[in-house]
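# Residue-level structure breakdown
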2 protein chains.
Amino acid sequence: MLIGGIEAGGTKIVCAVGDRSGEIKAKQSISTRDPDETLQEVKAFFSDYELESLGVGSFGPINLNKNSDTYGMILNTPKTAWKHFDLLGRLQQDFRIPIFIDTDVNAACLSEYRHGAGKDVNSCLYITVGTGIGAGLVQEGRTFQGRTHPEMGHVIVPQHPDDTFPGVCPYHGNCLEGMASGPAIEKRHGRKGHLLADDVNVWEIEAHYLAHAIASYTLILSPERIILGGGVMKQDVLFPLVRQKVFGLVNDYVDMGNMNEFIVTPELGDEQGVKGAIALTVSEK
Amino acid sequence: MLIGGIEAGGTKIVCAVGDRSGEIKAKQSISTRDPDETLQEVKAFFSDYELESLGVGSFGPINLNKNSDTYGMILNTPKTAWKHFDLLGRLQQDFRIPIFIDTDVNAACLSEYRHGAGKDVNSCLYITVGTGIGAGLVQEGRTFQGRTHPEMGHVIVPQHPDDTFPGVCPYHGNCLEGMASGPAIEKRHGRKGHLLADDVNVWEIEAHYLAHAIASYTLILSPERIILGGGVMKQDVLFPLVRQKVFGLVNDYVDMGNMNEFIVTPELGDEQGVKGAIALTVSEK
Ligand SMILES: Nc1ncnc2c1ncn2[C@@H]1O[C@H](COP(=O)(O)OP(=O)(O)O)[C@@H](O)[C@H]1O
Ligand SMILES: Nc1ncnc2c1ncn2[C@@H]1O[C@H](COP(=O)(O)OP(=O)(O)O)[C@@H](O)[C@H]1O
Ligand SMILES: [Zn+2]
Ligand SMILES: [Zn+2]
């Protein structure tokens, strides 16, 4: 039987049809416009297939509290056409099959856990460092969900001694996202990250903030592996710097094993999102 | 049917017999000496009862990785007679009934979740602020377990602007436990905490560190309630200070509800530990 996967992002929605093993049979990318127009196109794509179930990894914030009346509804978002849009309700009406919905980062994490960089471990944390910073956790085979979905990107991080930048987060200023997201790098240094590749100081500061947050995640969540993705992590130099700083901060208090295997790059590339969405519908690894 | 509960601490081991509802029928406190002598006394206490199963909330560090050869074994501890002692193995030999083992803080958290300050919520975090600082999480009815048990008490916290104290943690210096445990207060101010009740500055600094860690826990774990126990939290003045600072740090980014219901005192007193140990053996709330 076939399974549908939807990676719902703010600029594009990727739809795919696959099977339980994670193999993708067909895929289409749809640009995100207003909900009705966009979801009609989504429905049209899937109409050629007989689906058993549908998984959705969605941009947020989205209500994922199953006990709530507004479960599956998009919350406050700058994309006004989507604000308070009942995404799950609309999809249930369009498809009438079981639908599994989670955050985009949880789906990405589950994808890497099942098919990618987390294949050989029992738990992993996926962190994306891009326009924003978000994270998803897979623990005992399932994505982790609190009262609301965690907002790990907004933990407060101690200022780097050589850094006077106040941060860009409208809520916190100097939280991790405020200090280490792509826009934070651009604002601090006056140029986009990919143009700063040769400036070692930029990545020293960036690694400081990432490492402090990752040390906290490690002590609080104790994942077996941490996968770092997103545009900013294309700067390969960050990996050894972050590993070294996390090791220093945790200081052998908990066993992280070999740091090259503890903090790694993602493995799934473009299909990470839809494979994760499909994986949400399948319970075994 | 009856259930046995053991709260295994470094100075005393409390044994109790109860039922699935959490009611305690009999209880005995045994002082912790070397393993063999102590556990003979434990066995003698329970020999009067026919037990269905046994739950154990243990001091640590203890190996709780079920896939490990040394599952249930005490790890490196200053109590040398207990170092590398196979606690679970010995209890299995003595009792030959199903045994459920977890950390003392996870058992305490489960206890409050089932019978105390977390009765009406779906997830809660229990933090003890005493000689050390530790935390346990209950999520979807179960205690949370990573690769190793989390060491949340050791997250790095930003220095209070008026505080030059370097911290007492031998691993990290200025982690939460290093800055805010009972011994940290005593070393910083030259007197034990209970003698400092009138010094507002002491509790302002203490609340700063606790609030930073709690803001991180909130963003990372998203619990529905946070319960603060342990000797240091006997200073009631800490509760309003911590609530106010956590509210300011999270800055409405995630909904914590009413702060007086979000950060609360424990409700179970002396029987928290054994009730939690018994609760480990029962799967429903
Ligand atoms: N090679 C690079 N080096 C450093 N930063 C980069 C690089 N590529 C993209 N970025 C930054 O990453 C951010 C975009 O992140 P990305 O993960 O690609 O998308 P999004 O987070 O919007 O889904 C931008 O702020 C961009 O400047
Ligand atoms: N009323 C109090 N005010 C402040 N600190 C206290 C108070 N009572 C105990 N403490 C401190 O709490 C620590 C003991 O914590 P407790 O939770 O009672 O035991 P333990 O952590 O060893 O199990 C000691 O450092 C002690 O100084
Ligand atoms: Zn923020
Ligand atoms: Zn420490």
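Residues numbered from 1 in each chain as written. Chains lettered and ligands numbered in written order. Predicted model: local features only at pLDDT ≥ 70, side-chain atom pairs only at ≥ 80, totals over all residues. Heavy atoms only, no water.

## Points about the domain arrangement of chain A
Residues and elements named next belong to chain A. Split by domain assignment, chain A resolves into domain 1 (2-103) and domain 2 (117-266). Summarising the inter-unit geometry, the C-alpha centres of domain 1 and domain 2 are found 28 Å apart. By the criterion of area lost to domain 2, the three top residues of domain 1 are Leu-64, Asp-102 and Thr-103, representing 68% of everything that side buries. Here domain 1 and domain 2 share zero salt bridges between them. At the surface where domain 1 touches domain 2, the tally comes to one residue pair in polar contact (both at pLDDT 80 or more). Residue composition of the side of domain 1 that touches domain 2, by class: three nonpolar, two polar and one charged. (Domains from an automatic or database assignment. Buried area = accessible area lost by both parts, 1.4 Å probe. Salt bridge = Lys/Arg side-chain N within 4 Å of Asp/Glu carboxyl O. Polar contact = N/O pair within 3.5 Å; in protein donor to acceptor, adjacent residues only side chain to side chain. Nonpolar A, V, L, I, M, F, W, Y, C, P; charged D, E, K, R; others polar.)

## Considerations on the interface of chain B and chain A
With 38 residues of chain B in contact, the opposing surface of chain A contributes 37 residues. Surface buried jointly by chain B and chain A totals about 3500 Å² across both partners, of which 56% is contributed by carbon and sulfur atoms. When residues of chain B are sorted by the area they lose upon contact with chain A, Arg147(B), Ile220(B) and Tyr253(B) head the list and together hold 23% of the total. Across the chain B-chain A interface, the total number found is two salt bridges. Glu140(B) is the salt-bridge partner of Arg142(A), the closest N and O atoms lying 3.2 Å from each other. Between the two partners, chain B and chain A, sit 12 residue pairs in polar contact (both at pLDDT 80 or more). Only strand S7 (133-139), helix H6 (200-221) and helix H7 (238-250) of chain B provide two or more residues apiece to the side of chain B that touches chain A. Here the side of chain B that touches chain A takes six residues from H6(B), the largest share from any one element. For the side of chain B that touches chain A, a count of residues per class yields 18 nonpolar, 13 polar and seven charged. (Contact = heavy atoms within 4.5 Å. Helix = DSSP H or I, 4+ residues; strand = E, 2+ residues; numbered from the N terminus.)

## Some details on the nonpolar core
In this structure, Tyr217(A) and Tyr217(B) are the most contacted members of the largest nonpolar core, which totals 92 residues. Discounting chain neighbours no more than four positions away, the residues touching Tyr217(B) are Ile220(A), Leu125(B), Ile127(B), Met152(B), Gly153(B), Val155(B), Leu176(B), Ser222(B) and Pro223(B). (Core = buried A, V, L, I, M, F, W, Y, C linked by side-chain atoms within 4.5 Å. Buried < 20%, exposed > 50% of the residue type's maximum accessible area, 1.4 Å probe, protein only.)

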